[in-house]
Amino acid sequence: MIVLTVLSGATAMVQKTRHPRASQPRPEPPSAEAILAVEKRLSDLGYWTGPVDGKTDPALRHALIAFQKATGRKTTGLVSEEELTALNAAEKLLPLETGYSHVEVDLSRQLLFLVDAAGTVSKILPVSSGNGKLFTEDGWTRRAVTPTGRFKVQRKLIGWRKSPLGELYYPNYILSGVAIHGNPAVPVRPASHGCIRIPMFAAKDFSELTPVGTVVLVYEKSLPTRPDQAPKP
């Protein structure tokens, strides 16, 4: 509340009065058992958690964010009883195509995952793709858009690669300069110049799992997460 006090000589002074805030109890941190249960359930559903060891590391946080993206939940990355309840009720994701091993990138939900020949989805990661804004590189102004379509891993590099637009970790190029690569910043929204960013912890392993020639499907369409919701052939 602001109180205006009029003083002699027509001088005014603004005083701020503060009311003490009622102390808000801090939420209890999740127990080790809750963390392990969330991590195990995420892993069972195909999310890339890293070792299931009950530790609150970046891999667990990114796996939980991927689940929250997939199910339309608030993307907090925080372990809670509420998230565990949602996880226990969740079904595995469905791929766009089956019958062969490939990678799918769902831009609508900002997710990447591997699909095996049996149609099983695994290694689900959150991604950050092109933000749609204009940018200029080498005198050429264009929009930061991640292309959609059917691609293949054309070439890849080991470790870091410095580009005019930033550094890429274990880049896997699918079209010209567009790559799937590790980046320290993978926000929950599209933020790149067109590349597909994945969390650092998974970049090296992802590159090893996707040899040159691996098919990569990039699309906007979101798919149902329950088999009984899948479109009929």
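Residues numbered from 1 in each chain as written. Predicted model: local features only at pLDDT ≥ 70, side-chain atom pairs only at ≥ 80, totals over all residues. Heavy atoms only, no water.

A. Quick peek at the packing of aromatic side chains. Using the criterion set out here, one finds 4 aromatic pairs in the structure. Note on Tyr47 and Phe67: the rings are 5.9 Å apart at their centroids and 85° apart in plane angle, and the pair reads as edge-to-face. Taken together, the residues Tyr47 in the loop between α1 (32-44) and α2 (58-71) and Phe67 in helix α2 connect sequence positions 20 residues apart. The same class applies to Tyr47 as to Phe67, namely buried. Ring centres 4.8 Å apart and planes at 45° place the aromatic pair Trp160 and Tyr169 in the tilted group. Take Trp160: its relative accessible area is 44%, and that puts it in the partly exposed class. In this structure an aromatic cluster arises from ring pairing among Trp160, Tyr169 and Tyr170. (Phe/Tyr/Trp six-rings, centres within 6.5 Å; stacked < 30°, edge-to-face > 60°. Helix = DSSP H or I, 4+ residues; strand = E, 2+ residues; numbered from the N terminus. Buried < 20%, exposed > 50% of the residue type's maximum accessible area, 1.4 Å probe, protein only.)

B. Geometry of the side chain of Asp106. Inspection of the secondary structure assignment puts Asp106 in strand β3 (residues 102-106). Overall, Asp106 belongs to the buried group, its relative accessible area being 0%. Among the polar contacts listed, one links the side chain of Asp106 to the side chain of Arg109, at a separation of 2.8 Å. (Polar contact = N/O pair within 3.5 Å; in protein donor to acceptor, adjacent residues only side chain to side chain.)

C. Highlighting the pairing of strand β11 (residues 166-175). Of all 10 residues in β11, 7 are buried, a share of seventy percent or more. Where strand β9 (residues 155-156) lies against β11, 2 bridges are found, and the strand directions are antiparallel. From the neighbouring strand, Arg155 faces β11, where its bridge partner is Tyr173. The pairing of strand β10 (residues 160-163) with β11 spans 4 bridges and is classified as antiparallel. (Pairing = 2+ DSSP bridges.)

D. The packing of α1 against helix α3 (residues 81-89), seen in detail. At a minimum axis distance of 10 Å, the contact between α1 and α3 shows a crossing angle of 30°. If you check the angle between α1 and α3, you find them roughly parallel. When you trace α1 past α3, the crossing you get is left-handed. From α1, Ala34, Ala37, Val38, Arg41 and Leu42 reach across to α3, where they touch Glu81, Leu84, Leu87 and Asn88. Considering only residue class, the contact of α1 with α3 consists of 6 nonpolar, 1 polar and 2 charged. (Axes fitted to C-alpha atoms, helices over the stretch in contact; angles between N-to-C directions. Parallel < 35°, antiparallel > 145°, perpendicular 65-115°, else oblique. Left-handed = near helix turned anticlockwise from the far one by under 90°. Contact = heavy atoms within 4.5 Å. Nonpolar A, V, L, I, M, F, W, Y, C, P; charged D, E, K, R; others polar.)

E. Region of the structure containing the pairing of β3. For β3, the buried fraction is high: 5 of the 5 residues fall into the buried class. Residues His102, Glu104 and Asp106 line one face of β3 and the alternating positions Val103 and Val105 line the opposite face, and both faces are buried. Examined bridge by bridge, β3 and strand β14 (residues 215-219) share 4 bridges and lie parallel to one another. Within β14, the residue paired with Val103 across the bridge is Val216.

So far we have only geometry, and geometry alone does not tell us how the molecule works.
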